[in-house]
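What the coordinates show
Single-letter residue listing:
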Amino acid sequence: MVFPNNLGRYIFILAIITFIAHFWHYQNLGLYEDDYFLIAQPMSMNVVDFSEFFKWHILNYSSTEGRPLLYIIEFSVGFLGKLIEDFRVLYLINYLVILINNILFCWFLKSIWNQPIFIVTGTLAFTLFPADTNHAYLTHISLYSSLTFLLLAFLFYLFNKKLLSYLLIFASILCYETMLPLFVTAPLFKNHWDKSLLKEMIRHILILAAMLATIVIVRKITGEGRIDELNILTSIFTPIRQMVIGPFISLSMFFYRPAQTLLNLKGELLVFVPLSILGFILLLSNLKIEAKEDFDANDNTLILSSIKKLTFLGLTLLVLSYPLFFTRVATEINGRGSRVHMTAALGASILIGLLCYLIINLFNNNNLARNLANAGLAVFFSLLVGFGLTVQQENQMTWEYQRAFWTDIIHLCPDIEPDTIILVDAPDINTGKHLHSFIQWGTPITLRQIYKFPKTWERLDELPQTEDKPRWYFWRKYTFYPKVYRLSQNWQDTIINQGKFDFDPKSKSFEYFLKWEAPRLIDSHDIILLQEKNGQLFRRSKPLTISGQVFEFKPIYESAIELFEKGILYNFLIKQSNEAPISYFK
């Protein structure tokens, strides 16, 4: 196995395409969803606190959802952001991981079929894979690292370094277990399918089954919640459904996303798409169809045999990308949920590479037709570059929504103190199309990353004591810290209990409630209610009648917020007075 010819040129081209398509706007991207826990949380800690935090999650296996390597990678990246004091630099690490994967996949394609057109177009399809829109997402550095382990495992298996290959795939599943089924195909990528292959496949499958069984048993013993939630029917029918729907969705994105870009061709796309077309035409025009020295170049028998074999393997990889995804449905194509398609990039890209090879091979003997085929494929890949830029633009806007929102929170609630709860009744907040803002646990924990609150506010002695230490036990100390909660649409129907506001993890009044919070009843005078009116947030000062009872909310006191030291996210989230306002409502 050797690297592609002109290695430096290939890496340079891949580096440019990867950067433009996924990281061109990295300096204007922000934090989204799980970033507030996995990245911002370590960033907000000193060395002592981080050591305690890191130790807790690694020693308590269930707290890592059975994926200790995932948390080791993410927490380490987050703390690096603390040392650098700028999380945006972490996007360059994100970029490097993605680029390494693209290079490894190029190497993998050359190892299985040394046809330049297949290698280059397959690598481009992998680099610009449109079904997963999370390439520039800090939380997914660990997921793409898992993909790195998988690609290395494939390569070392083809190198016949099987022990190292199995160690790498085990590392992959300690990071993200959905990679495992794809590695079942590793023996099939060898050149000869003979009787010895069957024995190798049986041995290979047994080793992988033992790995999976070990992970499942350990998760079960440690009480990992997602394993306990699975039943027999879910374990059988969910993988089947995912494997049927997923391949169709991921392949269809190669046609849907270019059309989407074409209909949204404006702004910087009017520059990058035409330039990309010219670049891809030059790249494709320099590719030739390789003829084997040991057979007649006019005899397509061997080529057809390779195409049939790779088509089968591509489809197999595509189907095996989905059986271990239980938490996301294969119909998701935007945002964090589109990670369900991440592993499908391997099989889908092999198939796209084969299709591009067949198209160019069909017109190879006619210069005009070959040039038109090159131009058509160049337009195809350029529109995928354009889609990547569109995703960046939308995520950039989502970050601006968050900045405007948190700036309003600080201006409207300058009198926060221990036990203060800020409720946001604003159903028309724009959460963004791809990576979202204002959802799940990011919103409640952000305030203590904007300001450093006194440790005396922890008051652990006032919390109910429990003998067991569940996954969220470490976070109980933040129970009495000020928080922001978004209310669900019909929150008034369920929030009142015994004349107070009922804060319970099981309550349907909140869009999301922190699972480690102990149930408690809170007096309305400790609550700040922010409501939406005419596309703006305002602080309610008038009483509100709910279920026949009248509630008055926390009156505005003198500002105390200046007394707090600014946290790690203050300068990133709070807009300067000279910055133009932006509406974050739909």
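Let me begin by describing the structure that accompanies this report. This structure is a prediction, so every number in the text was calculated from the model and none was measured. (Residues numbered from 1 in each chain as written. Predicted model: local features only at pLDDT ≥ 70, side-chain atom pairs only at ≥ 80, totals over all residues. Heavy atoms only, no water.)

A closer look at the overall build of the protein chain
For the record, the criterion: Secondary structure counts use DSSP, requiring at least four H or I residues in a row for a helix and at least two E residues in a row for a strand, with both numbered from the N terminus. Throughout, radius of gyration means the C-alpha value; the globule benchmark is 2.2 Å times the number of residues raised to the power 0.38. The classification of residues rests on relative accessible area computed with a 1.4 Å probe and restricted to protein chains. Under 20% of the type maximum is buried, over 50% is exposed, and intermediate values are partly exposed. Pairs of residues are marked as contacts when any of their non-hydrogen atoms sit within 4.5 Å. Method for areas: the Shrake-Rupley scheme with a 1.4 Å probe, in which residue coverage is limited to the protein chains shown.
Of regular secondary structure, the protein chain possesses 18 helices and eleven strands. Scaling as 2.2 N^0.38, a compact globule of 586 residues should have a C-alpha radius of gyration of about 25 Å, and the protein chain matches this with 26 Å. Principal axes of the C-alpha set define a box for the protein chain whose edges measure 90 × 55 × 45 Å. Within the span of the protein chain, comprising 586 residues, buried residues form 56% of the whole. Counted over contacts in the protein chain with a minimum sequence separation of 6, partners at least 24 positions apart contribute 79%. Looking at the protein chain as shown, the accessible area adds up to about 25800 Å², and 60% of this sits on carbon and sulfur atoms.

A short note on the nonpolar core
Condition: In this description, a nonpolar core means a group of buried Ala, Val, Leu, Ile, Met, Phe, Trp, Tyr and Cys residues linked to one another through side-chain atoms lying within 4.5 Å.
Of all hydrophobic cores here, the largest spans 183 residues; its most connected members are Ile350 and Leu423. By residue number, the principal contributor to this core is helix α16 (residues 367-412), which donates 15 residues. Those residues in contact with Ile350 that sit more than four places away from it in its chain are Phe105, Phe108, Leu109, Ile112, Phe118, Phe189, Leu310, Gly314 and Leu317.

Things to note about the sheet that holds strand β6 (residues 520-522)
Applicable threshold: For two strands to pair, DSSP has to find at least two bridges joining them.
Strand order in the open sheet made by the three strands is β4-β5-β6, with antiparallel pairing throughout. Single-partner strands in this sheet number two, and they are β4 (496-497) and β6. Note that β4 and strand β5 (residues 500-503) share two bridges and pair antiparallel. Note on β5: the bridge partner recorded for Ile496 is Phe501.

Observations concerning the packing of helix α6 (residues 90-112) against helix α7 (residues 116-127)
How we decide: Axes here mean lines fitted to C-alpha atoms, for a helix over just the part in contact, with angles spanning 0 to 180 degrees between N-to-C directions. Crossing handedness follows the turn of the near helix against the far one: under a right angle anticlockwise gives a left-handed crossing, and clockwise gives a right-handed one. In the scheme used here, Gly and all other residues not listed as nonpolar or charged are polar, with Ala, Val, Leu, Ile, Met, Phe, Trp, Tyr, Cys and Pro taken as nonpolar and Asp, Glu, Lys and Arg as charged.
As a packed pair, α6 and α7 sit with axes 9 Å apart at the nearest point and diverge in direction by 145°. Once α6 is placed against α7, the crossing between them reads as right-handed. Residue-level contacts link Asn101, Asn102, Phe105, Cys106, Leu109, Lys110 and Ile112 of α6 to Phe118, Ile119, Gly122, Thr123, Phe126 and Thr127 of α7. Residue classes in the contact of α6 with α7 are distributed as seven nonpolar, five polar and one charged.

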